[in-house]
Amino acid sequence: MSGFERVGRVEDIPSLEGRAVTVAGRRIAVIRLASGFVAIDGACPHRGGPLADGIVGDSCVTCPLHGWRFDLRTGAPVGGGAASGVRTYEVLERDGELYVSVPAEGIEAA
Amino acid sequence: MSASPEPVDLLVVGGGIAAQAVCEAVLERQARTRVMLVCGEPRLPYDRVKLSSLLAGEVDPLALQLRPDDWYADRGVEAVLGRRAVALDPDAGICELDDGRSISFDRCVLATGSDPLMPPLPGLDCAAVHPFRGPEDCEAILAAAAGARRAAVIGGGLLGLEAAYGLATHGCPVSVVHLMGHLMERQLDEAAAALLVPAMERLGVEILLERRTEEIVGDGRVEGLRFAGDERLDCDLVVVSVGISPRTDLAAIAGLEVERGIVVDDRMTTSHPRVLAVGECAQHRGVVYGIVAPILDQAEVLAAALAEDDGSYDGSVPSAKLKVMGVDVVSAGDPEGDRAVVAQEDESYRKLILTQGRATGAVLVGDTRGAELLVDAVRTRRAVDDPLALLQEASRASAGDLPDTAQVCNCNGVCKGAILEEIRSSGLGSTAEVVAATRAGSGCGSCKPVVAELLALERGGAAEEPAYLCPCRKQTREQLAAVCREREIDSVSGLASACGAGRDCGACKPGLAYLVSEVNGNRHREERHARFINDRVHANIQRDGTFSVVPRIRGGVTSPDELRRIADVADRYQVPMVKVTGGQRIDLLGVRKEQLPAIWDELGMPSGHAYAKAVRTVKTCVGTDFCRFGLGDAIGLGIELERRMEGLYTPHKVKSAVAGCPRNCSEAYVKDIGLVAVEGGWEIYVGGAAGSTVRKGDLLDRVDRQDDALRLSLAFLQHYREHADYLERTYAFVERAGIDSVRQAVLDPERQALLLERYAIAKAAADPDPWREGGDPVHPRQFADLDSEPAESPS
Ligand code: SRM
Ligand SMILES: Cc1cc2nc3c(=O)[nH]c(=O)nc-3n(C[C@H](O)[C@H](O)[C@H](O)COP(=O)(O)OP(=O)(O)OC[C@H]3O[C@@H](n4cnc5c(N)ncnc54)[C@H](O)[C@@H]3O)c2cc1C
Ligand code: SF4
Ligand code: FES
């Protein structure tokens, strides 16, 4: 479990909602789907809107500020609105605790 | 018979869909024809098909009339209402009415329709035994249903099922009694009919098949039905729907050839060259048609015959596109043939029937995609090599794949070619225009999506789509509301599991959440994941992710004490900006999410809903309290109006104002709802705007008393809540619906009473102050992220 940091408990995030947390200096949105938890960048690449406060569907989240939309598994922009995507992070769920892994800046693949 | 001095060119005896179709077709060809229309019923021609919706409470009686009053006057059509033709002398060209009047005519059209068939059962004369044919029947059935413990519908054909549906929607338990082994045997086969059963059971409709009714038991009042074999059903209301009997008495008196109906040839002419017949009273090549589409074809040919143009009627392949018990059904041609292919799933059934290698019938239940293509194949008896391939092709077909001859609108008999032609020649740009110009989509409305698709196609995809509430699943608000009602769904996730809406991208969930709350009179199951962030934390999100706090200051009237608390809060929480808003209240801007509960607690003022698609402000002016020009108590009425409306969610925000005189200092003319005091009363304006769109409101009405102004405002609010699309402001809604239709809905005393009743139900269950969740959150982290905690208020 190296690289994973504890961010909270399962019950901290209501179903189909997100909550933000800072891990390794980076703002992350952790989102709860019916199928489990996912994590993406917390700030929208458009103008920094809080993606943890977005509306969550089965497969994507919509930024609350101007409606850019991102795929929750790949971080890719969805639909015509959004110009660029967000990063995704691994989430681990163990004994009711949630852990997120944020690779050190510069190491992840382009 | 002695005749009136001036003979009319054309006398039309009738007053139903057929009579109207004749008037339209004849005047289209020969605009100067002098037409007299004798309507046996005391009203202008109306849409009988919509009586089913009337019974189910889905439309308004006023909406049934086919054309407005002016239509007749403008075209010189003299309509005689509530009079019957009782004698007809074709040789002399004279017709006598039941008031003794004689009309002389050049040509005459009989469009006398049919009577409901009433089988000679003992007990038929009991009270609360009704046919289902006219508006009076609907009224009588509904009145009887109100106190009924159980209703029985004799006849499980299309009409019988519609009657049962109507009764069930009013909460009346219903049994459908049918002679045959499955329902709707004229249109459906057994497997297709079986798919209707679960929908009926969900509505609490019981189905009794293979029952021959022998007696209506009762002594003046219905007590039950007795079937062959001595089985009994207890009921206190009976609707009889077993078929029609063409009205041929007048034709018989005139000496015309009559069999089951009035016999006509391929030019719709009876045995006397001066008299023609059309509609349910006419029999062509041995067939009497009991649905609308053939009637329209007949009227076209009839008009051609009168104008001495070419044209002959070769009969119609009956086809119908219906909603039965909330399930979409399309049937065309004959449900039996010598070969058939079927594609069946849990909730759908699609079948194509062939006879000697040609398409002769189609049945679609639950999934009617590509219906136009299949119906066209049946109508043209297309030779089909690979029927399964055709069935599959149809389910993928878009409007572009249809042949020009394919009939898009069954109600008005409009084909694809005619729609495209009209779009091109008149340069139409919106679905509403196409509907108005071609009448396609103005009947039951089920073909409107196809009309929209054709428009888009013609305009290179640039035209509007129908307003889908869930674009991913192409579901409109009307469709989703129907799903909610039929399946008694009370939550967004319930709707998602019923039809997938809101699943994919989730962006439409706030719209669905509003719909679910509206349909359930706010007795829905609230789910916060379906709400925009503003409605999860009851504050408006700002560009930097902070929030703004606007407490309710009714009518813009505050007090030193409130102002002091606002000032204290601003100090204590270092609120970056305090601002007077354009809505006559005060905004605390730049507040962090975690601070919200503590700030609300210290303010001790309720939420102003400045963040929600909900009732916002009622602005007022000083009115009679202080102003030397004031004519009405603007502040008093404004505060009262705000109290009565606050807490209600709406399709889009609703802002109001009350002005003490027409100087309009509170800008009431440009509000969603604006009240203006005038000498001796109040004017109520609706649909005003002064944001990105500027529009003066339409005058809804002028009333004498403050109470009435309040009542009309609330009735309008409820009408808007029920009928506007999500995110449609009143200025767009009133513009789209037209102020006349809004007036009809809001001013009619009965409809107004119902609107106010539903308003009261919704208001009683609405949360007047969501800020109370600050002290009692719906989730421990409602106001916090994973690494922050809600601030404690010092009090
Ligand atoms: C605070 C206020 C401006 C002010 O400082 O005075 C304001 C602020 C906003 N208005 Fe407004 N409007 C405010 C009065 C108005 C008015 C005047 C009025 O209410 O009498 C109008 C014109 C009337 C109208 O509603 O049409 C107005 C027309 C709009 C519109 C255009 C609506 C339209 O369809 O034309 C929008 C955009 C929208 O709704 O899509 C909008 C949207 C907004 C939003 C909510 C934009 C947003 O979604 O974030 C702004 C929130 C700013 C923030 O950071 O909190 N605001 N806005 C006013 C709050 C009034 C209140 O007490 O509740
Ligand atoms: C509840 C209901 C639902 C239906 N749903 C559908 C559907 O979904 N799809 C479909 O295709 N069809 C449907 N139909 C059938 C359709 O409504 C009829 O086929 C159509 O209305 C027949 O029109 P018509 O003008 O020939 O006859 P009618 O509507 O019967 O009109 C005849 C008119 O002539 C008047 N009249 C008769 N005799 C005289 C006289 N001597 N002097 C003056 N006036 C006279 C009558 O008062 C009546 O107003 C439905 C019918 C009902 C009752
Ligand atoms: S609306 Fe009329 S009464 Fe009210 S403040 Fe303005 S001028 Fe005075
Ligand atoms: S900040 Fe996310 S869409 Fe603009």
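Please read these numbers as outputs of a predicted model, since none were measured by experiment. Sequence positions are assigned chain by chain, starting from 1 and proceeding in written order. As a convention, the first chain written is A and the first ligand written is 1, with the rest following in written order. This being a predicted model, a pLDDT of at least 70 is required before a residue's local features are given, and a value of 80 or more before pairs of side-chain atoms are given or counted; all residues contribute to the totals for chains, interfaces and linings. Excluding hydrogens and water, the side-chain values take into account all heavy atoms of the structure.

**What about the overall build of chain B?**
Here is the rule we go by: Only DSSP runs of H or I covering at least 4 residues are called helices, and only runs of E covering at least 2 are called strands; the numbering of each starts at the N terminus. Each residue is assigned to one of three classes by its accessible area relative to the maximum for its type, calculated with a 1.4 Å probe on protein chains only: buried under 20%, partly exposed between the two thresholds, exposed over 50%. Under the convention used here, a 1.4 Å probe and the Shrake-Rupley method define accessible areas, while residue burial counts only the protein chains that appear.
In terms of regular secondary structure, chain B is built from 26 helices and 39 strands. Per-residue burial for chain B yields a buried fraction of 55% across its 795 residues. With the model as given, the accessible surface of chain B reaches about 33,300 Å², and the carbon-plus-sulfur share is 48%.

**As for unusual backbone geometry**
Residues and elements named next belong to chain B. For Met268, which is not glycine, the phi torsion reads 60 degrees and is therefore positive. Its identity as a non-glycine residue notwithstanding, His538 has a phi of 55 degrees, on the positive side. Take His538: it is sitting in the loop between helix H18 (533-537) and strand S29 (540-541). Residue His538 is classed as buried on the basis of its relative accessible area, which comes to 3%.

**Quick look at the site of ligand 1**
Residue and element names in this part refer to chain B. Where we set the bar: For this description, a residue counts as near a given molecule or strand if any of its non-hydrogen atoms is within 4 Å of it. Nitrogen and oxygen atoms within 3.5 Å of one another constitute a polar contact, given that in protein one can donate a hydrogen and the other can accept it, and given that sequence-neighbouring residues count only through two side-chain atoms. Under the scheme applied, nonpolar residues are Ala, Val, Leu, Ile, Met, Phe, Trp, Tyr, Cys and Pro; charged residues are Asp, Glu, Lys and Arg; polar residues are all the others, including Gly.
The full set close to ligand 1 counts 22 residues, and Gln542, Thr581, Gly582, Lys653 and Tyr731 are the nearest of them. Within the side chain of Thr581, one N or O atom sits 2.7 Å away from an oxygen atom of ligand 1. Sorting the residues of the shell around ligand 1 by element identifies strand S32 (586-591) and strand S33 (615-620) as the ones contributing at least two each. Its residues assigned to classes, the shell around ligand 1 comprises three nonpolar, 11 polar and eight charged.

**Describing the pattern of salt bridges**
The condition is simple: Salt bridges are defined as contacts in which a side-chain nitrogen from Lys or Arg sits within 4 Å of a carboxyl oxygen from Asp or Glu.
Under the criterion given, the structure shown has 65 salt bridges over all chains. The closest approach of N and O atoms between Arg232(B) and Asp234(B), which form a salt bridge, is 3.2 Å. Since its relative accessible area comes to 44%, Arg232(B) is described here as partly exposed. Here Asp234(B) falls in the exposed class, since its relative accessible area comes to 53%. With a closest N to O distance of 3.0 Å, Asp725(B) and Arg477(B) form a salt bridge. Remark: Arg477(B) occurs in helix H15 (residues 477-487) and Asp725(B) occurs in the loop between helix H23 (706-723) and helix H24 (730-737); sequence separation between them is 248 residues. For the pair shown, Asp725(B) and Arg477(B) are each scored as buried. One connected set of salt bridges, linked through shared partners, spans Arg27(A), Asp53(A), Lys593(B), Asp785(B) and Asp787(B).

**Considerations on the interface of chain B and chain A**
Our working rule: Contacts are assigned to residue pairs with any non-hydrogen atoms lying within 4.5 Å of each other. Once two parts are joined, some of their accessible surface, as seen by a 1.4 Å probe, is lost; buried area is that loss totalled over both.
Taken residue by residue, the interface counts 27 residues in chain B and 28 residues in chain A. For the chain B and chain A pair, buried surface summed over both sides reaches about 2,100 Å², with 53% attributable to carbon and sulfur atoms. Taken together, the connections running from chain B to chain A amount to five salt bridges. In this structure, the salt-bridge partner of Asp787(B) is Arg27(A), at a minimum N-O distance of 2.9 Å. Sorting the residues of the side of chain B that touches chain A by element identifies helix H17 (509-519) and H18 of chain B as the ones contributing at least two each. When the residues that make up the side of chain B that touches chain A are grouped by side-chain class, the tally is 10 nonpolar, six polar and 11 charged.

**Thoughts on the packing of H15(B) against H17(B)**
All names here are of chain B. Defined as follows: Where helices are involved, their axes are fitted lines through C-alpha atoms of the stretch in contact, as for all axes, and angles between N-to-C directions lie from 0 to 180°. An angle below 35 degrees is treated as roughly parallel, one above 145 as roughly antiparallel, one from 65 to 115 as roughly perpendicular, and anything else as oblique. For any pair of crossing helices, the crossing counts as left-handed if the nearer helix is rotated counterclockwise from the farther one by less than a right angle, and right-handed if it is rotated clockwise.
Where H15 meets H17, the axes come as close as 10 Å, and the angle between the chain directions of the two elements is 50 degrees. Between H15 and H17, the interaxial angle falls into the category oblique. Considering only the axes of H15 and H17, their crossing is right-handed. When H15 is examined against H17, the residues Arg477, Leu480, Ala481, Cys484 and Arg485 are found in contact with a partner set consisting of Leu512, Leu515, Val516, Glu518 and Val519. Each residue belonging to the contact of H15 with H17 can be placed in one class, and the counts come to seven nonpolar, no polar and three charged.

**A closer look at the nonpolar core**
Our working definition: Side-chain atoms within 4.5 Å link the members of a nonpolar core, which is a set of buried Ala, Val, Leu, Ile, Met, Phe, Trp, Tyr and Cys residues.
One finds Leu167(B), Leu196(B), Leu225(B), Met325(B) and Val365(B) to be the most contacted residues of the largest nonpolar core, which totals 62 residues. Within the second largest apolar cluster, 58 residues are counted, among which are Val8(B), Cys39(B), Val80(B) and Val264(B).

**A short note on the packing of aromatic side chains**
Residues and elements named next belong to chain B. Put simply, the rule is: Pairing of aromatic side chains here covers Phe, Tyr and the six-membered ring of Trp, requires ring centres within 6.5 Å, and sorts the geometry by plane angle: under 30 degrees stacked, over 60 edge-to-face, intermediate tilted.
For the coordinates displayed, the defined rule picks out seven aromatic pairs over all chains. When the centroid spacing of 5.1 Å and the interplanar angle of 10 degrees are considered together, the rings of Trp600 and Trp771 count as stacked. Within this pair, whereas Trp600 is found in helix H20 (residues 596-603), its partner Trp771 is found in the segment after helix H26 (749-765), the two being separated by 171 residues in sequence. When its relative accessible area of 4% is taken as the criterion, Trp600 is described as buried. Centroid distance Tyr669 to Tyr685: 5.0 Å. Interplanar angle 90 degrees. Geometry classified as edge-to-face. Here Tyr669, found in the loop between strand S34 (654-659) and strand S35 (673-678), pairs with Tyr685, found in strand S36 (residues 681-686); they are 16 residues apart in sequence, far enough to count as distant. Grouping residues by exposure puts Tyr669 and Tyr685 together as buried.

**Quick word on the pairing of strand S6 (residues 102-110) of chain B**
All names here are of chain B. Stated formally: When DSSP locates at least two bridges between a pair of strands, those strands are taken to pair.
Taken across its nine residues, S6 has seven buried, putting it largely inside the fold. In terms of strand pairing, strand S1 (residues 8-14) meets S6 through five bridges, oriented parallel. Bridging from a neighbouring strand, Val8 pairs with Phe105 of S6. Sheet topology note: the strand S5 (residues 94-97)/S6 ladder contains three bridges and is antiparallel. Bridging from a neighbouring strand, Ile94 pairs with Ser104 of S6. In textbook terms, the turn of a hairpin is the stretch between consecutive antiparallel strands, and for S5 and S6 this stretch comprises four residues, one of which, Gly100, has a positive phi near 90 degrees.

**Overview of the site of ligand 3**
Taken together, Cys621(B), Val622(B), Gly623(B), Cys627(B), Phe629(B), Gly630(B), Gly660(B), Cys661(B), Arg663(B), Asn664(B) and Cys665(B) make up all the residues around ligand 3. Of the residues in the shell around ligand 3, the class split is six nonpolar, four polar and one charged.

**Focus: the pairing of strand S24 (residues 358-365) of chain B**
A regular strand places its side chains so that they alternate between the two faces of the sheet. All names here are of chain B. Of all eight residues in S24, seven are buried; the element is thus mostly enclosed. Relative to S24, strand S21 (residues 327-333) runs antiparallel, the two sharing five bridges. By the bridge assignment, Val329 is partnered in S24 with Val365. Where strand S23 (residues 348-355) meets S24, seven bridges bridge the pair, whose relative direction is antiparallel. Among the inter-strand pairings, Arg350 is bridged to a residue of S24, identified as Leu364.

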